[in-house]
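# Structural features, examined
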Protein chains: 2
Amino acid sequence: MKPFKQLGLIGCGLMGGSFALALKRAKMVERVVGYSKSSRTAEQAKRMGVIDDAAASVLQTVPGADLVLIAVPVAATADVFKAIQFGLHADALVLDVGSTKQNVIDVAQKIFGAAPPNFVPSHPIAGKERAGVEAAQADLYAGKRVILTPTEHTHASAIALATEVWQGIGMQVSTMSAECHDQVLAAVSHLPHLTAFSYMHSIAEQSNAAQLLAMAGPGFKDFTRIAASSPDVWVDILLANREEVLQQSRHMLTSLARFEDAMRSNNTDALRQLITSASKVRGSWTLNQTELASDV
Amino acid sequence: MKPFKQLGLIGCGLMGGSFALALKRAKMVERVVGYSKSSRTAEQAKRMGVIDDAAASVLQTVPGADLVLIAVPVAATADVFKAIQFGLHADALVLDVGSTKQNVIDVAQKIFGAAPPNFVPSHPIAGKERAGVEAAQADLYAGKRVILTPTEHTHASAIALATEVWQGIGMQVSTMSAECHDQVLAAVSHLPHLTAFSYMHSIAEQSNAAQLLAMAGPGFKDFTRIAASSPDVWVDILLANREEVLQQSRHMLTSLARFEDAMRSNNTDALRQLITSASKVRGSWTLNQTELASDV
């Protein structure tokens, strides 16, 4: 792949910063012009070599850019599209990193009339509990999966180029509809976050919370890691994908009720069967296993 | 500390096997005689150097033993006490590794009349999702915490010696009542397991489970790690500590309902406040932080 001349980076946090570092390491871009709403973040990004120049506004990231990455909380996407709509080069490939996709596409359609043909909605399933440019790292995306959710208006050439970009920084690429994406992610990511937040909240509310936290062990550590995630990011995601998340919560509560019924009735066999089914599925699961179906 | 002459090891699985390996590495024991209900496991334990000799029965582990470790699923503890009650040397220190403590003490009291003065009920908060002697490792306990729950009949000298043993293999020792222990563990370990099992079950029940599992990422990986835990172990724990676990589940569901109410009413501020409180608590938590109170 020929390197891009200029990446317009909108949002210089963990996701955007890591993307720029990864592209630079892979020699896939010549120059990065980045914007952050915090001038302190932009300065830090420049010091770290994440960006070469800081843009004075969102709009100022797009002149000369043949690749644009929107890496802001999903609720801020509309403002970004509005800001760049008359400055964007028609041939520039536009990607985002939003954890929900239907709402991003809805917003693009509303602002542009139809989703732009060179916009390839993307969700790289990578991250960590620490946010901010300080946490950015060139290998954040390597070995992880990205889901592309093109619309009927997306050009095939844009999908192909987006695939090259994500593969170029080490990602496995899957493609599905935005609707499927939002349902799948509600199940495997958004509900676990909601549950981990709720569980941590219930511990913190108890009068002996300090004692509880002092006694917590390695199981607690892993189970609650995602509860430390960024509030700004997760308020947006849980609201943007509310109906799917609430649906998945109902599924989980139905399962929990079956476990608790078996406990209350002291039904050892039923409880063993339930735990065994869960344990077997998790025991045979591995990260990035071969995808079994191309769509849901 | 003078090394023990002989460890009588009842149960040669992950917990028992790792204990024997740790004692041997620290040169705290001269000989280990172990029993497993599976002769294949006993042979494997001998091959691995976990035990020096296999005992033909539970009772045969105790003659000559100045240290006895009961490392069986908690529901099997009563049978172990019955088997050893007339063979146990009066001066032998007896420890267990049960994840629930009040039921273990109740069983001891029933069988021995009163809890034996040299029995120090212990719960080392260590483990991993793989079970069996093959998974045993000398450093499983190092750097982790153990909770001792002595009764009013436990000798101070036995508590002191038990403390030396656990510290000798690298553990931090805490002491509290069995009742407190069971409440604390329900909150920080048993409910997370029940929740992780229920969540995995709800995923496995969905018609597109294979697709969901293929798309799951690093957050899912950590959140569900404990769902792969041993069904035999966890049936026992969830039933033995049922009331406390159900109580903790009610706490969590109350918190979850608050999150979902904020989502349904699209109350951004309330949702951000809830997530922030959870995120802050988890963000400042570390494993084995200084214990803030000696009891709950």
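Residues numbered from 1 in each chain as written. Chains lettered and ligands numbered in written order. Predicted model: local features only at pLDDT ≥ 70, side-chain atom pairs only at ≥ 80, totals over all residues. Heavy atoms only, no water.

## A short note on the packing of aromatic side chains
- Under the counting rule described, the total for this entry stands at 19 aromatic pairs over all chains.
- Each ring, one from Phe197 of chain A and one from Trp234 of chain A, has its centre 6.5 Å from the other, and the planes form 65 degrees; the classification is edge-to-face. A residue pair is termed long-range when its members are at least 10 positions apart, and Phe197 of chain A in helix α6 (residues 178–204) and Trp234 of chain A in helix α9 (residues 231–240) qualify at 37 residues. Just as Phe197 of chain A is buried, Trp234 of chain A falls in that class too.
- A centroid spacing of 5.4 Å and a plane angle of 85 degrees characterise the contact between Phe81 of chain B and Phe112 of chain B, whose relative ring orientation is edge-to-face. Here the residue Phe81 of chain B occupies a position in helix α3 (residues 77–84), and Phe112 of chain B occupies one in helix α4 (residues 102–112), the gap between them amounting to 31 residues.
- Assessed through its relative accessible area of 26%, Phe112 of chain B is described here as partly exposed.
- Three or more aromatic residues joined by ring pairs form one cluster here, namely Tyr199, Phe220, Phe223 and Trp285 of chain A together with Tyr199, Phe220, Phe223 and Trp285 of chain B. (Phe/Tyr/Trp six-rings, centres within 6.5 Å; stacked < 30°, edge-to-face > 60°. Helix = DSSP H or I, 4+ residues; strand = E, 2+ residues; numbered from the N terminus. Buried < 20%, exposed > 50% of the residue type's maximum accessible area, 1.4 Å probe, protein only.)

## Some details on the sheet that holds strand β2 (residues 29–35) of chain A
All names here are of chain A.
- A sheet is described by the order of its strands in space; here six strands give the open sequence β3-β2-β1-β4-β5-β6, paired in parallel fashion. On the outer flanks of this sheet lie β3 (53–54) and β6 (119–120), each paired with one strand and no other.
- Pairing between strand β4 (residues 67–70) and strand β5 (residues 93–96): four bridges, direction parallel. Paired with Leu69 across the bridge in β5 is Leu95. (Pairing = 2+ DSSP bridges.)

## Points about the pattern of salt bridges
- What the rule picks out here adds up to 21 salt bridges over all chains.
- With its nearest N and O atoms 3.6 Å apart, the salt bridge here joins Glu134 of chain B to Arg40 of chain B. Highlighted residues: Glu134 of chain B in the loop between β7 (122–125) and β8 (145–148) and Arg40 of chain B in helix α2 (residues 39–47), separated in sequence by 94 residues.
- Counted as one network, the salt bridges with shared partners bring together Arg31, Lys46 and Asp53 of chain A. (Salt bridge = Lys/Arg side-chain N within 4 Å of Asp/Glu carboxyl O.)

## Focus on the relation of the copies chain B and chain A
- Overlay of chain B on chain A (RMSD 0.0 Å): rotation 180 degrees, translation along the axis 0.0 Å. When the rotation and shift are considered jointly, the pair of chain copies conforms to a two-fold rotation axis. Within chain B, Phe223 of chain B has its C-alpha nearest the rotation axis, a separation of 2.1 Å.
- The overlap is high: 100% of the interface residues of chain B also sit at the interface in chain A, so the same surface is used on both sides. (Least-squares fit on C-alpha atoms with pLDDT ≥ 70 in both. Contact = heavy atoms within 4.5 Å.)

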